[in-house]
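Spelled out from the first residue to the last, the chains are:
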Amino acid sequence: MAYIPDYEGKNLTCMVLRIERSSIHDGEGFRTVVFLKGCPLRCQWCSTPESQSPQIEAAQTGDTTYGVSMTVEQILKEVRKDIPFYFHSGGGMTLSGGEIFSQPEAAKALLREARAEGIRTAIETSFFTTAHAVERVLPYVETAFVDLKLFDAERHKAYCGVDNGTILYNLLYTNQMDWNGRLIVRTPLIPGINDMPEELEAIGRFCAQLKKLQYVQLLPYHRLGTETYRKLGRTYQLPEVPTPSAEHMEKCRAIVRKWVADVR
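Since the structure is predicted, the reported quantities are computational estimates derived from the model, not experimental observations. (Residues numbered from 1 in each chain as written. Predicted model: local features only at pLDDT ≥ 70, side-chain atom pairs only at ≥ 80, totals over all residues. Heavy atoms only, no water.)

(A) Just the overall build of the chain, in detail. When helices and strands are tallied, the chain shows nine helices and 10 strands. Here the C-alpha atoms of the chain give a radius of gyration of 18 Å, agreeing with the 18 Å that 2.2 N^0.38 yields for 264 residues. C-alpha extents for the chain along the principal axes are approximately 60 × 50 × 35 Å. When burial is assessed residue by residue, the chain has 55% of its 264 residues classed as buried. Of all intrachain contacts in the chain linking residues separated by at least 6 positions in sequence, the fraction that spans at least 24 positions is 71%. (Helix = DSSP H or I, 4+ residues; strand = E, 2+ residues; numbered from the N terminus. Rg over C-alpha atoms; globule rule 2.2 N^0.38 Å. Buried < 20%, exposed > 50% of the residue type's maximum accessible area, 1.4 Å probe, protein only. Contact = heavy atoms within 4.5 Å.)

(B) Molecular detail of the packing of aromatic side chains. The full count for this structure, using the stated rule, is six aromatic pairs. Ring centres of Y169 and Y173 lie 6.0 Å apart, and the angle between their planes is 15°; on these two criteria the pair is classed as stacked. Note that Y169 and Y173 are positioned in helix α6 (residues 165–173) at a spacing of four residues, about one turn of the helix. Residue classification places Y173 among the buried positions, given a relative accessible area of 13%. Between Y229 and Y236 the ring centres are 5.0 Å apart and the planes differ by 75°, which places this aromatic pair in the edge-to-face class. Since its relative accessible area comes to 4%, Y229 is described here as buried. By way of ring pairs, the aromatic residues F30, F85 and Y86 are connected into one cluster. A cation sits over an aromatic face here: R18 above F35, 4.6 Å from the ring centre. Seen from the ring of Y215, R264 lies directly overhead, with NZ or CZ sitting 3.7 Å from the centre. (Phe/Tyr/Trp six-rings, centres within 6.5 Å; stacked < 30°, edge-to-face > 60°. Lys NZ or Arg CZ within 6 Å of the ring centre and 35° of its normal.)

(C) Region of the structure containing the pairing of strand β8 (residues 143–147). Among the five residues in β8, four count as buried, and that is most of the element. Here four bridges tie strand β7 (residues 120–125) to β8, and the two strands are oriented parallel to one another. Within the sheet, the bridge partner assigned to I123 lies in β8 and is A144. Viewed along the sheet, the connection from β7 through helix α4 (residues 131–137) into β8 turns out right-handed. Direction of pairing for β8 relative to strand β9 (residues 182–189): parallel, over a ladder of five bridges. Across the sheet, A144 pairs through a bridge with L183, a residue of β9. (Pairing = 2+ DSSP bridges. Right-handed = clockwise from strand over helix to strand, strands pointing away.)

(D) Just the environment of N194, in detail. Mapping N194 onto the fold places it in the loop between β9 and α7 (197–207). Residues N194 and T125 lie 69 residues apart in sequence; the distance between their C-alpha atoms is 19 Å. Not counting the four nearest positions on each side in its chain, N194 is found in contact with K149, L150, T187, P188, L189, E199 and L200. Polar contacts involving the side chain of N194 include one to the main-chain carbonyl oxygen of K149, which spans 2.9 Å. (Polar contact = N/O pair within 3.5 Å; in protein donor to acceptor, adjacent residues only side chain to side chain.)

(E) Fine view of the nonpolar core. M93, L95, I123, L138, L171, C207 and V216 are the most contacted members of the largest nonpolar core, which has 57 residues in total. Take this core: its biggest share by element is six residues, from helix α3 (residues 104–116). Residues within four places of L95 in sequence aside, it is in contact with V34, I100, A107, L110, L111, A122, I123 and E124. Listed in part, the 15 residues of the second largest apolar core include L41, I190, Y229 and L238. (Core = buried A, V, L, I, M, F, W, Y, C linked by side-chain atoms within 4.5 Å.)

(F) Summary view of helix α5 (residues 153–160). Between a side-chain oxygen at the N-terminus of α5 and the backbone nitrogen of E154 the separation is 3.3 Å; the capping residue is D152. After α5 finishes, the residue G161 shows a positive phi value of roughly 85°.

(G) Structural view of the pairing of strand β10 (residues 213–220). Bridge analysis of β9 against β10 gives seven bridges, and the strand direction is parallel. Residue I184 lies in a different strand from β10, and its bridge partner there is Y215. Read from β9 through α7 to β10, the crossover connection turns out right-handed.

So far we have only geometry, and geometry alone does not tell us how the molecule works.
See below:
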């Protein structure tokens, strides 16, 4: 009979969208990415609309169900299968979403036990949560990828459905935390929405204040997930927005580099 470790939170229930293996884009090395379901933001360019609701959803086509209830231990049982790959590649487990802070206690239990078992950890988050939640979870995180989608508060609310004051506060709060992890700020570059020089200047100036920042990453917009919108009976809101060219991406990076040396 396999040994099952006993630890706090092992029987907490999570709503999981899916677990993906072999990722190389969600942290260093080979990653097992656990996508938690549920997100308070409603970004108009969201490529995973099936991750937004905290409930299990069925596609209108009747051929797909999104979401499954799992305990923390059931999730880690799947993650442990990939430990040999982590050892050779420097990878580990990444918690993503949805928004992981929609399920803060489960996220903390997953990350804490993973670290206790020697598994490297990363998170992908909007930081739209309380500073208390960040303070409780971040000690178990080696790398935090935090989205800063828009700096302008009104535009952030218009395009993402929520104000960004909490997000900015939590990013600055990492300056005073006793945390030795890596902070990476990601900005999805959406033509006509957040690629204006004044917006990029504001993002750069703000990121220059972050003491634990490793680098800023600009990600080109893609119309991903449109088929999922159709299956859910929802309308994709940015059908005419183009993917930015490589040249435009580099021009935008150059603006942010006025304030942050490492922009990728």
